[in-house]
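Residue-level listing of the chains:
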There are 2 protein chains.
Amino acid sequence: MENIKMKVVLSLFLLWNISLLMCAQSVAIQPDSYKANANVTDLNMKMCIKYPMEADGIVRLSKIEVYPQYLDEYIKYAAEVGEVSLCTEPGVLTMYAVQEKENPCMVTILETYATREAYEKHVASEHFQKYKKGTLHMVKSLILSDQIPLNPNNKVINYIQ
Amino acid sequence: MENIKMKVVLSLFLLWNISLLMCAQSVAIQPDSYKANANVTDLNMKMCIKYPMEADGIVRLSKIEVYPQYLDEYIKYAAEVGEVSLCTEPGVLTMYAVQEKENPCMVTILETYATREAYEKHVASEHFQKYKKGTLHMVKSLILSDQIPLNPNNKVINYIQ
């Protein structure tokens, strides 16, 4: 009888440990559970936490025409500054660049900064200065066109995978 | 002595239940745990699951000039079609519209479709046809400019909050 009681106690200990293990696992698999909806796993692993958009934030379309002979080199600079800015600057909310299919020298970048201060910090950063100085001779024209989001409910998350 | 043993058994049961409760809670709070990084909670609550981008997918900048007298009405149509498309169409990956600060009649929409089929399905949809027919007389000019993302590692999630 004594023996049976001890077995009951031990099996309850075992059950408790198993349930604690389940608990730990369910926390561990949280990121994967999001993969189906979006690559937020990468967002969490690689990206810095972002500041919320403030009243003095900036939404901008930067339109750049690159000299054809420098296009490949320009793309390397632009990709690098985009990745470093998105991953390391909490105030850089988007930096998404596309090239015209018909004329890949025409680049458009959707740039979003949480505050004016965040924008000024970005422009002063080492990685932006490297891009700016390194590509100055590659850029035929640059138009900075500030924008207003058409629908405040329509949100964008931009991240490096 | 018998009584003590039973107390031990009961308290172990209690511990086991508490740990199971912890386990359930840790799963329940998953969405909140993402709020700090991004409003992915809203994404999960409101948005349909999205298809992955395929080789025949489309990234496009649609540039629309709206007649000033119709701008307010156009914005309502554009906001609605964007919300319905993003929330209900698995193949519509982005539909993010901005207006020039200097001239709000100049609208640019970043449109991303997972496949050509998804694009054709979107254009044939009731909500797009409502927008298209409803705004035809409001649109002064429309340029559809297909694009190539400059950096394949640079990803965008677009959702309705």
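All values derive from a computational prediction rather than experimental measurement.

Sorry if this is basic, but what is going on with the side chain of S85(B) here?
Residue position: S85(B) is located in helix α4 (residues 71–88). Each residue touching S85(B), except ones within four places of it in the same chain, is listed here: K50(B), V92(B), M95(B), H122(B) and H127(B).

Honestly, the sheet that holds strand β2 (residues 92–100) of chain A in this entry has me stumped. Any pointers?
Within the closed barrel, the eight strands sit side by side as β1(A)-β3(A)-β2(A)-β4(B)-β1(B)-β3(B)-β2(B)-β4(A). Their pairing is antiparallel. Between one strand and the next, the sheet's axes are offset by a mean angle of 35°, whatever the strand orientation. In the sheet, strand β4 (residues 139–149) of chain A pairs with strand β2 (residues 92–100) of chain B via three bridges, with the strands oriented antiparallel. The residue of β2(B) that forms the bridge with P149(A) is V98(B). Packing of helix α5 (residues 116–124) of chain B onto the sheet brings it into contact with β1 (58–66), β2 and β3 (106–113) of chain B, and relative to β1(B) it is tilted by some 30°.

Where do I start with empty space enclosed by the protein in this structure?
Leftover empty space is mapped by rolling, across the atoms, a probe with the size of a water molecule. One pass over the full model with this rule turns up two cavities of 30 Å³ or more. Taken as a whole, the largest cavity holds about 100 Å³ of empty space. If you go around the largest cavity, the residues you meet are L61(A), Y96(A), V98(A), T108(A), I109(A), L110(A), L61(B), Y96(B), V98(B), T108(B), I109(B) and L110(B). Contributing elements (two or more residues each) for the lining of the largest cavity: β2 and β3 (106–113) of chain A together with β2 and β3 of chain B.

Honestly, the nonpolar core in this entry has me stumped. Any pointers?
The nonpolar side chains of a soluble globular protein tend to be buried, and buried together. Judged by nonpolar contacts, the single largest core of 54 residues is most densely connected at Y74(A), V107(A), Y74(B) and V107(B). Discounting chain neighbours no more than four positions away, the residues touching V107(B) are L150(A), S62(B), K63(B), I64(B), V66(B), Y74(B), A97(B), V98(B) and Q99(B). Listed in part, the ten residues of the second largest apolar core include Y96(A), Y96(B), V98(B) and L110(B).

Looking at this structure, I do not really get the packing of helix α5 (residues 116–124) of chain A against helix α6 (residues 126–135) of chain A. What am I missing?
Each pair of packed helices can be described by the angle between their axes along with the distance between the axes. Residue and element names in this part refer to chain A. In the contact formed by α5 and α6, the axes pass within 5 Å of each other and the chain directions differ by 60°. Overall, the two elements α5 and α6 adopt an arrangement that is oblique. Mapping the contact onto sequence places H122, V123 and A124 in α5 and E126, H127, F128 and Q129 in α6. When its residues are assigned to classes, the contact of α5 with α6 shows three nonpolar, three polar and one charged.

Is there a simple way to explain the pairing of β3(B) in this structure?
Each regular strand shows side chains that alternate between the opposite faces of the sheet. The element β3(B) is extensively covered by neighbouring structure, given that seven of its eight residues are classed as buried. Between β2(B) and the antiparallel strand that follows it, β3(B), lie five residues.

Is there a simple way to think about the environment of K132(B) in this case?
Residue and element names in this part refer to chain B. By the element assignment, K132 lies in helix α6 (residues 126–135). By relative accessible area, K132 is classed as partly exposed at 30%. With 54 residues separating them in the primary sequence, K132 and A78 have C-alpha atoms 9.4 Å apart.

Quick question: what am I supposed to make of the side chain of H122(A) here?
Residue and element names in this part refer to chain A. Of note, H122 is situated in helix α5. What makes H122 buried here is its relative accessible area of 2%. A distance of 2.8 Å separates polar atoms of two side chains, one belonging to H122 and the other to E89. Residue contacts for H122: discarding those within four places in its chain leaves S85, E89, V92, M95, Y113, H127 and F128.

Explain α5(B) here, please?
Note on helix geometry: an α-helix contains 3.6 residues per turn, so any two residues three or four positions apart are oriented the same way. Residue and element names in this part refer to chain B. Of all the residues in α5, the buried ones are A118, Y119 and H122. Angular distribution of buried residues about the axis of α5 spans 100°; they occupy a single face of the element. For α5, exposure combined with an orientation more than 90 degrees from the buried face picks out E117, K121 and A124. In this structure, the buried side of α5 is in contact with β1, α4, β2, β3 and α6.

Could you clarify how one ought to interpret the confidence of the model for chain A in this entry?
Predicted coordinates in regions of low pLDDT should not be interpreted in detail. Residues and elements named next belong to chain A. In this model, chain A carries a mean pLDDT of 82, and residues with pLDDT of at least 70 account for 72%. Here residues 17–45 is a poorly scored stretch, pLDDT under 50, and it has 45 contacts once near neighbours within four places are set aside; other chains count. We note a pTM of 0.74 for the whole complex and an ipTM of 0.74 for its interfaces.

Analysis parameters
- Residues numbered from 1 in each chain as written.
- Chains lettered and ligands numbered in written order.
- Predicted model: local features only at pLDDT ≥ 70, side-chain atom pairs only at ≥ 80, totals over all residues.
- Heavy atoms only, no water.
- Helix = DSSP H or I, 4+ residues; strand = E, 2+ residues; numbered from the N terminus.
- Contact = heavy atoms within 4.5 Å.
- Pairing = 2+ DSSP bridges.
- Axes fitted to C-alpha atoms, helices over the stretch in contact; angles between N-to-C directions.
- 1 Å grid on protein atoms, 1.4 Å probe; cavity = no way out; pocket = protein on both sides within 12 Å on 5 of 7 lines; lining within 4 Å.
- Points joined across faces, edges and corners; volume = space filled by probe spheres on them.
- Core = buried A, V, L, I, M, F, W, Y, C linked by side-chain atoms within 4.5 Å.
- Buried < 20%, exposed > 50% of the residue type's maximum accessible area, 1.4 Å probe, protein only.
- Parallel < 35°, antiparallel > 145°, perpendicular 65-115°, else oblique.
- Nonpolar A, V, L, I, M, F, W, Y, C, P; charged D, E, K, R; others polar.
- Polar contact = N/O pair within 3.5 Å; in protein donor to acceptor, adjacent residues only side chain to side chain.
- Arc of directions from axis to C-beta.
- pLDDT = per-residue confidence, 0-100.

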